[in-house]
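# Architecture at a glance
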Amino acid sequence: MLAAVHERDGYPVNWPDQPGTWLTPPSLVGSWVAERDGRVVGHVGLSRSGAGDAAPGLWSARAGVSVDATAVVNRLFVDPSARGQRIGALLMERAVADARDRGAHAVLDVVASDTAAAALYERLDWQLLATVDQQWSPGQKVAVRCYAAPPDGSRALRQ
């Protein structure tokens, strides 16, 4: 499924040498999948803040708390054949709820060119903190939009 998402949407931007390892980074604190008819159709992860994450620092500075008070939503993708069924919104709701249960505020970084993902976050009332440039490698500079979950969590299940 990740290969199908990469082929259609270009996510992840850089195809990982080991997709399974990419899905389970050392900072991971939880991950969830969505299933339909016994088949996985979506995935989301939640991680501790890492050195390359911009949103945790932006949100913690605004909120006046430590970066440790954030949890990073990542690795969100939905099978192209299963889109339009609120799977992404439900996965986001689950990740945000887990962050809240951990006493953390959910944040995320998304490549600025991924307008479909940004549209989802904005429909769910996530707050755009800033757009920043990140140097991913010596030859790859990427604009990244940084978001924070709404103060009351996600509205995905209220829609």
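Before reading on, note that the structure itself is shown above.
All figures in this text were calculated on a predicted structure; none of them were measured in a lab. (Residues numbered from 1 in each chain as written. Predicted model: local features only at pLDDT ≥ 70, side-chain atom pairs only at ≥ 80, totals over all residues. Heavy atoms only, no water.)

What follows deals with the pairing of strand S1 (residues 28-36). Residues in a regular strand point their side chains to alternate faces of the sheet. In the sheet, S1 pairs with strand S2 (residues 39-47) via eight bridges, with the strands oriented antiparallel. Its bridge partner lying in S2, Ala34 is registered against Gly42. The loop that links S1 with its antiparallel partner S2 comprises two residues; one of these, Asp37, has a positive phi angle of about 55 degrees. (Pairing = 2+ DSSP bridges. Helix = DSSP H or I, 4+ residues; strand = E, 2+ residues; numbered from the N terminus.)

Its 15 residues place the ends of helix H4 (residues 87-101) 21 Å apart at the C-alpha level, agreeing with the 21 Å of an ideal helix rising 1.5 Å per residue. H4 sits mainly inside the fold: 11 of its 15 residues count as buried. Count one or two residues on from H4 and you reach Gly103, which has phi positive near 75 degrees. (Expected span 1.5 Å × (residues − 1). Buried < 20%, exposed > 50% of the residue type's maximum accessible area, 1.4 Å probe, protein only.)

Spatially, S1-S2-S3-S4-S6-S5 is the arrangement adopted by the six strands of the open sheet, whose pairing is mixed. The strands lining the two open edges of the sheet, one partner per strand, are S1 and strand S5 (127-137). The mean inter-strand angle of the sheet, taken between neighbouring strand axes irrespective of direction, is 30 degrees. Pairing analysis gives nine bridges linking S5 to strand S6 (residues 140-148), with the strands arranged antiparallel. The partner of Thr131 across the bridge, within S6, is Arg145. (Axes fitted to C-alpha atoms, helices over the stretch in contact; angles between N-to-C directions.)

Here we come to the layout of surface pockets. A volume near 1200 Å³ is recorded for the largest pocket. Lining the largest pocket are 44 residues; nearest its centre among them are Tyr11, Arg75, Leu76, Val110 and Tyr121. Only helix H1 (2-9), strand S3 (70-78), H4, strand S4 (105-111), helix H5 (115-123) and S5 provide two or more residues apiece to the lining of the largest pocket. For the lining of the largest pocket, the element with the highest residue contribution is S3, accounting for seven residues. (1 Å grid on protein atoms, 1.4 Å probe; cavity = no way out; pocket = protein on both sides within 12 Å on 5 of 7 lines; lining within 4 Å. Points joined across faces, edges and corners; volume = space filled by probe spheres on them.)

Attention now moves to the packing of aromatic side chains. Evaluated as defined, the whole model comprises four aromatic pairs. Judged by centre distance (5.8 Å) and plane angle (65 degrees), the ring pair of Tyr11 and Trp22 falls under edge-to-face. Highlighted residues: Tyr11 in the loop between H1 and helix H2 (19-23) and Trp22 in helix H2, separated in sequence by 11 residues. An aromatic cluster of three or more residues is present, and its members are Tyr11, Trp22 and Phe77. Here Arg75 stacks its cationic end above the ring of Trp22, 4.2 Å away from the centre of that ring. (Phe/Tyr/Trp six-rings, centres within 6.5 Å; stacked < 30°, edge-to-face > 60°. Lys NZ or Arg CZ within 6 Å of the ring centre and 35° of its normal.)

Pairs can form between side chains of opposite charge once their charged atoms are near each other. This model, assessed by the stated rule, comprises five salt bridges. Among the salt bridges present, the one from Asp79 reaches Arg39, with a minimum N-O distance of 2.8 Å. One end of the pair, Asp79, is in the loop between S3 and H4; the other, Arg39, is in strand S2, with 40 residues separating them in the sequence. On the accessibility criterion, Arg39 (36% relative accessible area) is partly exposed. Arg102 is the salt-bridge partner of Asp98, the closest N and O atoms lying 2.5 Å from each other. (Salt bridge = Lys/Arg side-chain N within 4 Å of Asp/Glu carboxyl O.)

Side chains of nonpolar character tend, in soluble globular proteins, to be buried together. Grouped together as the largest cluster of nonpolar side chains are 29 residues, with contacts concentrated most on Val73, Met92, Leu108, Tyr121 and Trp126. Of all the elements in the fold, those that place two or more residues in this core are S1, S2, S3, H4, S4 and H5. For this core, the element with the most residues is H4, which contributes seven residues. If near-sequence neighbours (up to four positions away) are discounted, Val73 is found in contact with Val44, Gly45, Leu46, Met92, Ala95, Ala106, Val107, Leu108 and Trp126. (Core = buried A, V, L, I, M, F, W, Y, C linked by side-chain atoms within 4.5 Å. Contact = heavy atoms within 4.5 Å.)

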